[in-house]
Amino acid sequence: MTRAVAVVPAAGAGERFGGDKILTPIDGTPMLERAVRSLLDGGVDAVVVVLGGEGPDLRRLLPVLADRRVSVAVNPDPSRGMLSSIQTGLAGLTGDPILVLPADMPYVRSSTVAALLQSYDERAAIISPRCDGKRGHPVVIPGRHRDEILRMPPSATLHDVIRAHAGERVDLEVTDRGILRDVDIMADLRSKP
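Residues numbered from 1 in each chain as written. Predicted model: local features only at pLDDT ≥ 70, side-chain atom pairs only at ≥ 80, totals over all residues. Heavy atoms only, no water.

(A) Quick look at the environment of Gly92. With respect to the helices and strands, the residue Gly92 is situated in the loop between α3 (82-91) and β6 (98-100). Expressed as a C-alpha distance, the spacing of Gly92 and Ala73, which sit 19 residues apart in the sequence, is 8.6 Å. (Helix = DSSP H or I, 4+ residues; strand = E, 2+ residues; numbered from the N terminus.)

So, in structure tokens, the structure goes:
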């Protein structure tokens, strides 16, 4: 049995949203909490939430961050982009597979995470969930690519690693439209899944 781990990048400023996006409640649960819960309830063994250096102490505000399976890392310079947050999270994390789920994707079902992990156990490949002909999150990456991700330059993205290994990429068809639904602006909360 593999030890599945996940990185939840949550260090963005949320400027387009116009407020503290990851604390915004959705059906009574803060956005970040929903994203982390979907991973844990789906079978991920350890989650690292990567926050920016400024803002409220979320450990006091979000009960999920007190879960022993969840740790927090701080990206000292999130302006470098999401890859820098992924690298920050991976620096203290080992496991196989590695899932990446941005904090502003709170609609992913835990059953989708479980299906991705099952698919990984069968294939040990880069796996992307796919719905309505579009790829979404969380993406599943074999642990063997961890060091390569950590070595990527600041100008790179996670997609550069995925493209470099396109031959081992597999799509998993799902009915969960939450894999495509990120929250960038307030109106995204009102859109239907």
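Past the structure itself, the notes keep going.
(B) Structural detail: the nonpolar core. Leu32, Val36, Leu39, Val47 and Val49 are the most contacted members of the largest nonpolar core, which has 33 residues in total. Tallying contributions element by element places helix α1 (residues 31-41) first for this core, with five residues. Aside from chain neighbours lying at most four places away, what touches Val36 is Val8, Val47, Val49, Val64 and Val70. The next biggest cluster of nonpolar side chains, apart from the first, holds 21 residues, and it includes Leu83, Leu90, Ile149 and Met152. (Core = buried A, V, L, I, M, F, W, Y, C linked by side-chain atoms within 4.5 Å. Buried < 20%, exposed > 50% of the residue type's maximum accessible area, 1.4 Å probe, protein only. Contact = heavy atoms within 4.5 Å.)

(C) Inspection of unusual backbone geometry at higher detail. A cis amide bond links Asp96 to the next residue, Pro97, at an omega of 5 degrees. Along the polypeptide, Pro97 turns up in the loop between α3 and β6. A cis amide bond links His137 to the next residue, Pro138, at an omega of 5 degrees. Position of Pro138 among the secondary structure elements: in the loop between β8 (134-135) and β9 (139-141). For Asp27, which is not glycine, the phi torsion reads 50 degrees and is therefore positive. Here Asp27 is to be found in the loop between β2 (25-26) and β3 (29-30).

(D) Spotlight on the pattern of salt bridges. Scanning the entire structure with this criterion turns up 10 salt bridges. Arg130 is the salt-bridge partner of Glu173, the closest N and O atoms lying 3.6 Å from each other. One end of the pair, Glu173, is in strand β10 (residues 169-173); the other, Arg130, is in strand β7 (residues 126-131), and 43 residues separate them in sequence. The class of Arg130 is partly exposed, set by a relative accessible area of 23%. Of the charged contacts in the structure, one is a salt bridge between Arg177 and Asp132, with a shortest N-O distance of 2.6 Å. Taken together, the residues span a long stretch of sequence, with Arg177 in the segment after β10 and Asp132 in the loop between β7 and β8 at a distance of 45 residues. (Salt bridge = Lys/Arg side-chain N within 4 Å of Asp/Glu carboxyl O.)

(E) Region of the structure containing α1. Here α1 lies mainly inside the structure; eight of its 11 residues are buried. Here α1 has its buried residues at Met31, Leu32, Glu33, Ala35, Val36, Ser38, Leu39 and Leu40. Taken from the residues just after α1, Gly43 is the one with a positive phi, measuring 115 degrees.

(F) Summary view of the side chain of Ser85. Within the secondary structure layout, Ser85 lies in helix α3. Those residues within four positions of Ser85 in sequence are excluded, and the remaining contacts are Val7, Pro9, Ala11, Val50 and Asn75.

(G) The confidence of the model for the protein chain, seen in detail. Here the protein chain averages 86 in pLDDT, while 85% of its residues score no lower than 70. Of all secondary-structure elements in the protein chain, the lowest mean pLDDT belongs to helix α2 (residues 58-61), at 63, while β6 reaches the highest, 97. (pLDDT = per-residue confidence, 0-100.)

(H) Representation of the pairing of β7. Summarising burial for β7: five of the six residues are buried, a large majority. With five bridges joining them, β7 and β10 adopt parallel strand pairing. Counted as the bridge partner of Ile126 is Arg169 from β10. Where β7 meets β8, two bridges bridge the pair, whose relative direction is antiparallel. Paired with Arg130 across the bridge in β8 is Arg135. Counting the residues in the hairpin turn of β7 and β8 gives two residues, including Asp132, whose phi is positive at 55 degrees. (Pairing = 2+ DSSP bridges.)

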